Amino acid sequence: MTKTNAGRFFEDYALGDVITHAVPRTISGGERALYHALYPARHALHSSDLFAQSCGLASSPLDDLVTFHTVFGKTVPDVSLNAVANLGYAEGRWIAPLWPGDTVTATSEVIGIKENSNGTSGVVWVRTTGRNQHGADVLSYVRWVMVRKRGSGPAPRAVVPQLAPVVAASDLVIPAGLDFTRYDFTLAGEPHRLGDYAVGEVIDHVDAVTIEEAEHMLATRLWQNTAKVHFDATNRADGKRLIYGGHVMSLARALSFNGLANAQIIVALNGGAHANPCFAGDTLRAWSEVLDVAETAAPGVGAIRLRLVATTGAAGVLRGADGKYDAHVLLDLDYWALMPV
């Protein structure tokens, strides 16, 4: 008998399975420091206790993508250790802030399964929920991943879940006490409020960052992501280690500060696709498109729906004439953020 874990293959998933992920993790200020070292993250509410307190919060919560990466990392050994690629996201909601000292656990339910026509892999859909030490939900999202098959046996009946194209503005969860009526635009870094953005507006975030192998490996280990494609160069035919998609996500979000400094808190993930692979040496740029704006019940707080695109090419270019993603596009992310009105 072997005591090691080879990871799940496509045949090991069944509709309705609930997977309790191992290794709870207590988050400290160290994760914040490392996050800000890895990414040019500068949003004021996640950087300063005093700024957060002026916005009605007790202190500065962890960056929202710290929550995402921590929960995501818990799921990798059970969901995507043998993944070919992580394909997309939907129905994501940040339900409660993550504070230093919180302990994160996660579970996933298999909600869809479908073998690919090549017979060597299949797609698995899971709904993952992250919780804190009090058992309160902090994050919930659906993702789907292409997973290798162990053999060539028969596949289970295909079930593809019907997912909402967007989280309704009325379903966004606003952190308790959040109040932007005394918001300090000077300290935040830009004067632009919700009313300054128009649906359809495209923002070129101007800055760029070249991805290094060392920082990617540090990030992937930081979030305890064990997927083989990120570590083992022999796992791909081209002999390259794939850059963790969350690393691209955080780099693009941080670059978006230039033009969206006041999009302070991510509250929903409507959809997302890792359109093309990213490798060390790629120089990443980011641009955003305003998709919608909405009011909230919190004083001075509005919501802005954004498409965030990470690319190695030009701003504003998403798809070609054939409708497929442009070859330079790495990430297409649709999310809601909170912003002063």
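Residues numbered from 1 in each chain as written. Predicted model: local features only at pLDDT ≥ 70, side-chain atom pairs only at ≥ 80, totals over all residues. Heavy atoms only, no water.

## Regarding helix H1 (residues 29–38)
By the burial criterion, the buried members of H1 are Glu31, Arg32, Tyr35 and Leu38. Summarising the axial view, the buried residues of H1 lie within an arc of 135°, below the 170-degree limit, and thus occupy one face. Summarising the contacts, the buried residues of H1 are in contact with strand S2 (25–26), helix H3 (64–79), helix H5 (213–222) and helix H7 (245–255). Regarding H1, its N-cap is Ser28, as a side-chain oxygen of that residue lies 3.0 Å from the backbone nitrogen of Gly30 further along. (Buried < 20%, exposed > 50% of the residue type's maximum accessible area, 1.4 Å probe, protein only. Helix = DSSP H or I, 4+ residues; strand = E, 2+ residues; numbered from the N terminus. Arc of directions from axis to C-beta. Contact = heavy atoms within 4.5 Å. Polar contact = N/O pair within 3.5 Å; in protein donor to acceptor, adjacent residues only side chain to side chain.)

## Concerning the pattern of salt bridges
Evaluated as defined, the whole model comprises ten salt bridges. Among the ionic pairs, Arg25 bridges to Glu31, the shortest N-O distance being 3.1 Å. Here the two residues Arg25 and Glu31 agree in accessibility, since each one is buried. Residue Glu213 is joined to Arg241 by a salt bridge in which the shortest nitrogen-to-oxygen separation is 3.4 Å. On the criterion of sequence distance, the pair formed by Glu213 in helix H5 and Arg241 in the loop between helix H6 (228–231) and H7 is long-range, its members being 28 residues apart. Here Glu213 falls in the partly exposed class, since its relative accessible area comes to 30%. With a relative accessible area of 23%, Arg241 lands in the partly exposed category. Through salt bridges that share partners, Glu289, Arg307 and Asp332 make up one connected network. (Salt bridge = Lys/Arg side-chain N within 4 Å of Asp/Glu carboxyl O.)

All quantities given are derived from atomic positions and should not be read as evidence of function.
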